[in-house]
Amino acid sequence: TDVSCDKFLMCGRLGNTFGNSTLVGLSKSFVGVVFARTIPQQVICSHYTSIAFTPQRISSEGTLDQTEHKRGITMFKSRPVTSHDGRNELFGRKRRNSSVTSGGENPVASLVAAAGEPRKRQKQFPPSRCKVDEDGTKWRLCAGAAVLNSENHVLIGERVHVRDSWQTPQGGVDDAWEKNDNKAETITKAAHRELYEEVGLKMNEHVVLEKAADENESGCRYETTGTDDWMSKLGYAGQKLHWSVYRCMQGHGDEDPYPMCDLSGKNGEEAEFLRVKWAPIDEVLENIWPKKRPAYENLRKILNPIMKEWEIRCKQLDLSGTWSRDASLSSHVVLGLVARGLQKDQAKVKAEQPYIQHWSREDNDTTVWKVTTFEADGKTIRRKIDYKMGNWKESYEGKSSIFGRSVDDAKSSVKRRTMFLAEPDADQGEIAHVTLSQTSLGREESRRYIKEGRMVLRRTFLPGFVGTNNATVSTEVFVRLDK
């Protein structure tokens, strides 16, 4: 949530348990979070003028009820207290391979400390792999993780300690030491780790690897000397950045990365980003720190053929033909229908009924699929629809087992969004045709792909509000009738 109001604002990640602790903003420029005893997964804290923490309530006028403000705190613009050796006094540890932490605001850390959160133990970090030139110049090896969505936009985050500074996840490559069995990290493995630590993304759950970093490539160097940063103090001239490229595979994160990202910092790391977004690579280049620009220009060269190949893969996915659901090959269909409100006996009957569809491409646009659904006889047309890329609406009347009941049984509409996403289980180009639907029953992701000559339809249904995590997954397998 990124909004503000005249008197106060309360906002938070729905689905968490907050207890009765509330963070209340008292300023037009305030953006904050509702939280209880832990740092929330995603926090946007900008331009604090005055904030207060209270375990009680706010008055009906939208101002803090001072009579209940017994153990609250009031804060103004602040930054982490950093000691001479770089240890963060709020969290009690150094950044990876650092002797000094950077300055800048970290109001969330201050809030947590003031609210009585225990300090984290200081973490030991491994040494970084490095490259030393003949003249003795030392460069820290750095793994960059570039994630692309279905529109070939790049995932970037705004750095916590450097306002308005956006970049991709990146970090050092661990050298061999006793904690990793004396085995040095590969660049790509380091990129996997950085993705998880900085934005909470996991391989084959949120993203898939498109291109691994080449250990034999020279990488792209950029200097950090003159910035008085911790790398300079450790004798590095800068970093040698190598890129690994990933593809987003989660539907609800493809349009807005917020739902799939966790910015709290993993594996004992501090939070790196305040917020995340998708951006075209040209936009990323325009706003990158000048010293890093050559490295990101190199990224653009790496991405260009990957982007073109993606467009080809999207057009080559062949779903054409007439398909019939095989109940004996499908799984958890009854469970999925029950989750949408059907009685179990009704769901069993529905799951066993014939389900026949004909798929064909739009003549003028190969990414648009025209789908006709038939009644049980396989001849009477029940529904026709065009699956267009991007956002669109579908109208329906009466009751639908997937969409719910329309208001007063009159014509209603469902918001839908269609895209192509990476799918490791697919035979054809490891790609799936995906549609997101926001219905009166909840949210659904419908993912279709070809596996062993059959069409697989995997539905992921989340009932109720955004933030609920009790998803129901069902798999329907269709066999081709017109061989």
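Above this note sits the structure.
Parameters at a glance
Residues numbered from 1 in each chain as written. Predicted model: local features only at pLDDT ≥ 70, side-chain atom pairs only at ≥ 80, totals over all residues. Heavy atoms only, no water. Pairing = 2+ DSSP bridges. Helix = DSSP H or I, 4+ residues; strand = E, 2+ residues; numbered from the N terminus. Axes fitted to C-alpha atoms, helices over the stretch in contact; angles between N-to-C directions. Contact = heavy atoms within 4.5 Å. Phe/Tyr/Trp six-rings, centres within 6.5 Å; stacked < 30°, edge-to-face > 60°. Buried < 20%, exposed > 50% of the residue type's maximum accessible area, 1.4 Å probe, protein only. Lys NZ or Arg CZ within 6 Å of the ring centre and 35° of its normal. Polar contact = N/O pair within 3.5 Å; in protein donor to acceptor, adjacent residues only side chain to side chain. Salt bridge = Lys/Arg side-chain N within 4 Å of Asp/Glu carboxyl O.

Draft legend 1. Summary view of the pairing of strand β14 (residues 356–361). Pairing of strand β13 (residues 321–325) with β14, which is carried by 4 bridges, proceeds in the antiparallel orientation. Residue Ser324 lies in a different strand from β14, and its bridge partner there is Ile356.

Draft legend 2. Region of the structure containing the sheet that holds strand β24 (residues 472–480). With respect to topology, 10 strands assemble into an open sheet ordered β16-β15-β14-β13-β24-β23-β22-β21-β20-β17, the strand pairing being antiparallel. Both outer strands of the open sheet, β16 (381–387) and β17 (390–396), are each paired with one neighbouring strand and no more. Neighbour-to-neighbour, the strand axes of this sheet turn through a mean angle of 25 degrees, independent of strand direction. In the packing of helix α6 (residues 293–316) onto the sheet, the strands contacted are β14, β20 (412–422) and β21 (431–438), and the crossing angle to β20 comes to about 120 degrees.

Draft legend 3. Region of the structure containing the packing of aromatic side chains. If you walk through the whole model with that rule in mind, you get 6 aromatic pairs. Centre to centre, the rings of Tyr222 and Trp289 are 6.3 Å apart; their planes meet at 85 degrees, and the pair counts as edge-to-face. Taken together, the residues span a long stretch of sequence, with Tyr222 in strand β10 (residues 220–223) and Trp289 in the loop between α5 (281–287) and α6 at a distance of 67 residues. When its relative accessible area of 3% is taken as the criterion, Tyr222 is described as buried. Taken together through their ring pairs, the aromatic side chains of Trp359, Trp369, Tyr387 and Trp392 make up a single cluster. Stacked on the ring of Tyr236, the Lys or Arg Lys138 has its end atom at 4.6 Å from the ring centre. Here Lys277 stacks its cationic end above the ring of Trp166, 4.4 Å away from the centre of that ring.

Draft legend 4. Spotlight on the pairing of β13. Counting buried residues in β13 gives 5 out of 5 residues, a clear majority hidden from the surface. Neither face of β13 is left uncovered, since the one carrying Gly321, Trp323 and Arg325 and the one carrying Thr322 and Ser324 both have all their residues buried. The pairing of β13 with β24 spans 3 bridges and is antiparallel. Looking at the pairing, Arg325 lines up with Phe478 of β24.

Draft legend 5. The arrangement of the environment of Trp243 in detail. Take Trp243: it is sitting in strand β11 (residues 236–248). Residue Trp243 is classed as buried on the basis of its relative accessible area of 3%. Contacts of Trp243, omitting those with residues within four sequence positions, involve Gly144, Ala145, Ala146, Thr168, Ala212, Ala213, Ala295, Tyr296, Asn298, Leu299 and Ile302. For Trp243, the side chain forms a polar contact with the main-chain oxygen of Ala295, separated by 3.1 Å.

Draft legend 6. Broad picture of the pattern of salt bridges. For the structure shown, the criterion picks out 32 salt bridges. Arg313 is the partner of Glu210 in a salt bridge, and the nearest nitrogen-oxygen pair spans 3.2 Å. Taken together, the positions of Glu210 in strand β9 (residues 207–211) and Arg313 in helix α6 put the pair 103 residues apart, joining distant regions of the chain. We classify Glu210 as partly exposed; its relative accessible area is 25%.

Draft legend 7. Structural detail: the environment of Val208. The residue Val208 is located in strand β9 in this model. When the C-alpha atoms of Val208 and Met249 are compared, they prove to be 6.8 Å apart, with 41 residues separating the residues in sequence. The residues touching Val208, leaving out its near neighbours within four places in the chain, are Met203, Val245, Tyr246, Arg247, Met249, Ala422 and Pro424.

Draft legend 8. Molecular detail of the side chain of Ser244. Tracing the backbone shows Ser244 in strand β11. Looking at Ser244, its side chain comes within polar contact range of the side chain of Thr188, at 3.5 Å. A polar contact is formed between the side chain of Ser244 and the backbone nitrogen of Ala213, at a distance of 3.3 Å.

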